[in-house]
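Architecture at a glance
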Amino acid sequence: MALELIELDEIGRFLRSGMTVGIGGGPLLITPTGLIREMIRTGARNLRLVASSTGGFGLDLMIGAGLAQSVEFAQIVLNEYGPAPNFRRWAESGRLRCLDHT
């Protein structure tokens, strides 16, 4: 299989509701924010998010935008800024299935 590079605005051709999506980066730095912004714009829902290894800002944006059905993670934090607010709110309300792999 050959590697294909695509433009960010083409994400909608590939992302569908219900998919499993791995997101790399860290709590605040090296988060693929442009990619996440385009994923939110697609309107996809019920995604199964997998944090590679620690999630933070990017996953919190996706959860807050209503993309996530579930999330697998070791931790989702905003480093010295504390817990990720959307993640915490959705997890505590039971709207988000959480698979903790600490």
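Preceding block: the structure.
A few points on the structure. For every chain, the first residue of the written sequence is number 1, and numbering continues from 1 along that sequence. A pLDDT threshold of at least 70 governs which residues receive local features in this predicted model, and a stricter bar of 80 or more applies before side-chain atom pairs are shown or counted, although totals over entire chains, interfaces and linings include all residues. Excluding hydrogens and water, the side-chain figures rest on all heavy atoms present in the structure.

Notes on the environment of Arg16
The condition that has to hold: The helix count covers DSSP runs of H or I at least four residues long, the strand count covers runs of E at least two residues long, and both are numbered beginning at the N terminus. To sort residues, take the accessible area from a 1.4 Å probe on protein chains only and compare it with the maximum for the residue type: under 20% means buried, over 50% means exposed, and anything in between is partly exposed. Whether two residues are in contact is decided by their heavy atoms: any pair within 4.5 Å suffices. Under this definition, polar contacts are N or O atom pairs within 3.5 Å; protein pairs additionally need one hydrogen-donor-capable and one acceptor-capable atom, and for neighbouring residues in sequence, both atoms have to be side-chain atoms.
One can find Arg16 in the segment before strand S1 (20–23). A residue is classified by how much of its surface remains accessible, and Arg16, at 45% relative accessible area, is partly exposed. Those residues in contact with Arg16 that lie beyond four places of it in its chain are Ala44 and Leu47. Within polar-contact distance, the side chain of Arg16 engages the backbone oxygen of Arg13 at 3.2 Å.

What to know about the pattern of salt bridges
Any two side chains of opposite charge can pair, so long as their charged atoms come close to each other. For clarity, the cut-off: Any Lys or Arg side-chain nitrogen located within 4 Å of an Asp or Glu carboxyl oxygen qualifies as a salt bridge.
One pass over the structure, following the stated rule, counts five salt bridges. In this structure, Glu38 and Arg37 form a salt bridge, with 3.6 Å as the shortest nitrogen-oxygen distance. Here Glu38 falls in the buried class, since its relative accessible area comes to 12%. The closest approach of N and O atoms between Glu38 and Arg41, which form a salt bridge, is 3.0 Å. Taken together, the residues Glu38 and Arg41, both in helix H1 (residues 33–42) and three residues apart, mark about one turn of the helix.

Some points on a nonpolar patch on the surface
Threshold: Candidates for patches are residues over 30% relative accessible area with no salt bridge; among them, like charges are joined within 9 Å and nonpolar side chains (Val, Leu, Ile, Met, Phe, Trp, Tyr) within 5 Å. Exposure was quantified through the Shrake-Rupley algorithm and a 1.4 Å probe, taking into account, for residues, occlusion by the shown protein chains and nothing else.
Together, Leu28, Leu29, Ile30, Phe57, Leu61 and Tyr81 make up an exposed nonpolar region whose accessible area comes to about 650 Å². We classify Leu28 as partly exposed; its relative accessible area is 30%.

Regarding the sheet that holds S1
Quick reminder of the rule: In short, DSSP must find at least two bridges between two strands for them to pair. Interaxial angle, 0 to 180 degrees, is taken between N-to-C directions of lines fitted to C-alpha atoms, where a helix line uses only the stretch in contact.
Spatially, the four strands line up as an open sheet ordered S1-S2-S4-S6, and their pairing is parallel. Lying at the two open borders of the sheet, with one neighbouring strand each, are S1 and strand S6 (97–100). With direction set aside, neighbouring strand axes in the sheet form an average angle of 20 degrees. Looking at chain direction, strand S4 (residues 68–73) and S6 are connected through four bridges and run parallel. Bridge pairing links Ser70 to Arg97 in S6. The strands touched by helix H2 (residues 57–64) within the sheet are S1, strand S2 (47–51) and S4, with S2 carrying the most contacts at an inclination of about 165 degrees.

Notes on the pairing of S4
Relative to S4, S2 runs parallel, the two sharing four bridges. Following the sheet pairing, Arg48 is matched in S4 by Ser70.

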